[in-house]
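Below are the chains, spelled out letter by letter.
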Amino acid sequence: MTSGSRASRFNTFLDSYTKDLTAEDLQRLFTRDTRDAYKFFTRGLDAEALARMPWHKRIVAETRVLFIAFSMKLSPARRVVFGGALLLAAVGLVNLFRGFGIIEIGRLPLVSIGVPGPLFHAGTWSLLVAFGLMNLLVLLEVADRLTLKNDLEIARDIQQAMLPSGVYSAAGVETVGISRPANTVGGDFYDILPLGDGRLVVAVGDVAGKGSPAALLMALLLAMMRTLVDEQLEPADLVTRLNVQVCRHAPASRFITLFYGVYEPASGALTYVSAGHLPPLLLRGDGSCARLSDGGIALGMFERSTYTTGRAMLEADDLVAVYSDGITEAENHAGRPFDDVGLEAALRAHSRDPLTAIGAGVVAAVERHTDEKRFADDLTVLLLRRTTPAVAGV
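Below you will find a few notes about this structure. (Residues numbered from 1 in each chain as written. Predicted model: local features only at pLDDT ≥ 70, side-chain atom pairs only at ≥ 80, totals over all residues. Heavy atoms only, no water.)

## A word on the overall build of the protein
Per the secondary structure count, the protein includes eleven helices and 14 strands. Its C-alpha atoms give the protein a radius of gyration of 31 Å, clearly above 21 Å, the size a compact globule of 394 residues would have. Counting all 394 residues of the protein, 37% fall into the buried class. Expressed as a percentage of contacts within the protein between residues at least 6 apart in sequence, the contacts between residues at least 24 apart total 66%. For the protein, the centre of its 39 positive side-chain charges and the centre of its 43 negative side-chain charges are spaced 9 Å apart. (Helix = DSSP H or I, 4+ residues; strand = E, 2+ residues; numbered from the N terminus. Rg over C-alpha atoms; globule rule 2.2 N^0.38 Å. Buried < 20%, exposed > 50% of the residue type's maximum accessible area, 1.4 Å probe, protein only. Contact = heavy atoms within 4.5 Å. Lys, Arg positive; Asp, Glu negative; His and termini not counted. Charge placed at Lys NZ, Arg CZ, Asp CG, Glu CD.)

## Topic: the nonpolar core
Counting residues in hydrophobic clusters, the biggest one holds 48 residues, and the most contacted among them are Met 225, Val 239, Leu 258, Tyr 260 and Leu 299. Among the secondary structure elements, those contributing two or more residues to this core are strand E5 (188–194), strand E6 (200–207), helix H7 (211–229), helix H8 (235–249), strand E7 (256–264), strand E8 (269–275), strand E13 (319–323) and strand E14 (379–386). Top contributing element to this core by residue count: H7, with nine residues. Beyond its immediate stretch of four places on either side in the chain, Val 239 contacts Leu 258, Tyr 260, Val 273, Ala 275, Leu 299 and Tyr 307. Within the second largest apolar cluster, 21 residues are counted, among which are Leu 283, Phe 338, Ile 358 and Phe 375. (Core = buried A, V, L, I, M, F, W, Y, C linked by side-chain atoms within 4.5 Å.)

## Considering the pairing of strand E12 (residues 310–313)
Regular strands show a simple pattern: their side chains alternate between the two faces of the sheet. Residues Gly 310 and Ala 312 line the buried face of E12, whereas the alternating positions Arg 311 and Met 313 sit on a face that is not buried. Bridge count between E8 and E12: four bridges; the pairing is antiparallel. Residue pairing in the sheet places Thr 271 in a bridge with Arg 311 of E12. (Pairing = 2+ DSSP bridges.)

## Re empty space enclosed by the protein
For the structure on display, the rule yields two cavities of 30 Å³ or more. The volume enclosed by the largest cavity comes to roughly 40 Å³. What lines the largest cavity is Gln 159, Gln 160, Leu 163, Ser 179, Pro 181, Gly 186, Gly 187, Asp 188 and Asp 378. Broken down by class, the residue content of the lining of the largest cavity amounts to two nonpolar, five polar and two charged. Quantified by volume, the second largest cavity comes out at close to 30 Å³. Forming the walls of the second largest cavity are Val 202, Phe 259, Leu 270, Val 320, Val 322, Leu 382 and Leu 384. Elements represented by at least two residues in the lining of the second largest cavity include exactly E13 and E14. Residues belonging to the lining of the second largest cavity are distributed by class as follows: seven nonpolar, no polar and no charged. (1 Å grid on protein atoms, 1.4 Å probe; cavity = no way out; pocket = protein on both sides within 12 Å on 5 of 7 lines; lining within 4 Å. Points joined across faces, edges and corners; volume = space filled by probe spheres on them. Nonpolar A, V, L, I, M, F, W, Y, C, P; charged D, E, K, R; others polar.)

## Points about the environment of Ser 165
With respect to the secondary-structure elements, Ser 165 resides in the loop between helix H6 (124–162) and strand E3 (168–170). We classify Ser 165 as exposed; its relative accessible area is 69%.

## As for H8
The terminal C-alpha atoms of H8 lie 21 Å apart, and with 15 residues this matches the ideal 21 Å at 1.5 Å per residue to within 8%. The inward-facing, buried residues of H8 abut H7, E7 and E8. (Expected span 1.5 Å × (residues − 1).)

## Looking at the sheet that holds strand E4 (residues 173–180)
The strand order E3-E4-E14-E13-E9-E10 describes an open sheet built from six strands, whose pairing is antiparallel. The strands lining the two open edges of the sheet, one partner per strand, are E3 and strand E10 (289–291). Sheet twist, expressed as the average angle between the axes of neighbouring strands with direction ignored, equals 15°. Here E3 runs beside E4; their pairing, made up of three bridges, is antiparallel. If you follow Ala 170 over to E4, its bridge partner there is Val 173. Packed on one face of the sheet, helix H11 (residues 355–370) meets E4, E13 and E14 and runs near 30° to E4. (Axes fitted to C-alpha atoms, helices over the stretch in contact; angles between N-to-C directions.)

## Some points on the layout of surface pockets
Considering only enclosed or pocket space, the second largest pocket measures out at about 260 Å³ in volume. Residue lining of the second largest pocket: Thr 63, Leu 66, Phe 67, Phe 70, Phe 82, Leu 86, Gly 132, Asn 135, Leu 136 and Leu 139, and that is the complete set. Of the residues in the lining of the second largest pocket, the class split is seven nonpolar, three polar and no charged.

## Things to note about the pattern of salt bridges
Counting across every chain of the model gives 13 salt bridges. Residue Arg 145 pairs with Glu 141 through a salt bridge whose shortest N-O separation is 3.5 Å. Pair noted here: Arg 145 and Glu 141 are both in helix H6, with a separation of four residues, about one helical turn. For Glu 141, a relative accessible area of 40% gives the class partly exposed. (Salt bridge = Lys/Arg side-chain N within 4 Å of Asp/Glu carboxyl O.)

Function-wise, these values are silent; they only describe arrangement.
Have a look at this one:
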């Protein structure tokens, strides 16, 4: 390979590596971005007390506060690795130290200009500058991620506020929903909406994917569904209309599974549509189990999809469990999923308990199966039980 071709390849790489770089970007990196990161990690610092310190003490105090604030934002393992890296850098710097002498900072025609200070082997200052720049980039990156995390935590609070909380109880029915996102925000949702005529709408949805994109689609679907509920449509008509809106407004790569049901507490009649969702379990009071599978394909796949309405009659103490695939697909370390068998066993084990205890028992059973507190997918379960008027709440 000739020197000309090597230079051409290097220039091509350099052009690609520095693509879209501007002088303003570099200036902002060392001015605004660095200043904002410093303010982020030193929030709560007494600026007036620092200003009264001598300059050399102020530098030490600010460095100590910045180090503690930054390192304590890391996980324990990463914090130890970061501290170890600093310690190794300090050891390396001591090994490169040659003593004290005159550091040359300039040269005139007949004389050199220098200042007293520590002397190191050649290349040490380049390593120190590179080490400082690398730490600056880590500092800026962590500040950006923590800022995003704070925003996501606010989004999580908003998302949780959109979901019903606590047990809904009325004559002939009690129902509750539990949702655990895999990340800060998730794509699962449930809804419990009492209608003016005494009926009750229950729904569980699962947006394909996790995290912020799924959460945004979840909020969109929930808003559209609640709007259509106000039009008092039959389940199949409502889901058909909802599918059209999802096809028109959601990305083509995303789809949503949905169980939508309308329950009549007085008669125990449940009319429902399962749009690509896992068939809910209907656990009868006599111990038998059935599936609610009527409906159609998931929302957002084909605009002209049609849906059929299923019907089930609930007797006293019958329990309906609507859940997302995060529960049944949760795997243990051997790769075995929790599966429908595990869910049914957990429901049977707590079938006579209050609904909140049943939901907590299902989540605890998944945790025991996976031996994890954090899950690979969002977990959601909605429970509905028919009660007799004598035991129903108000």
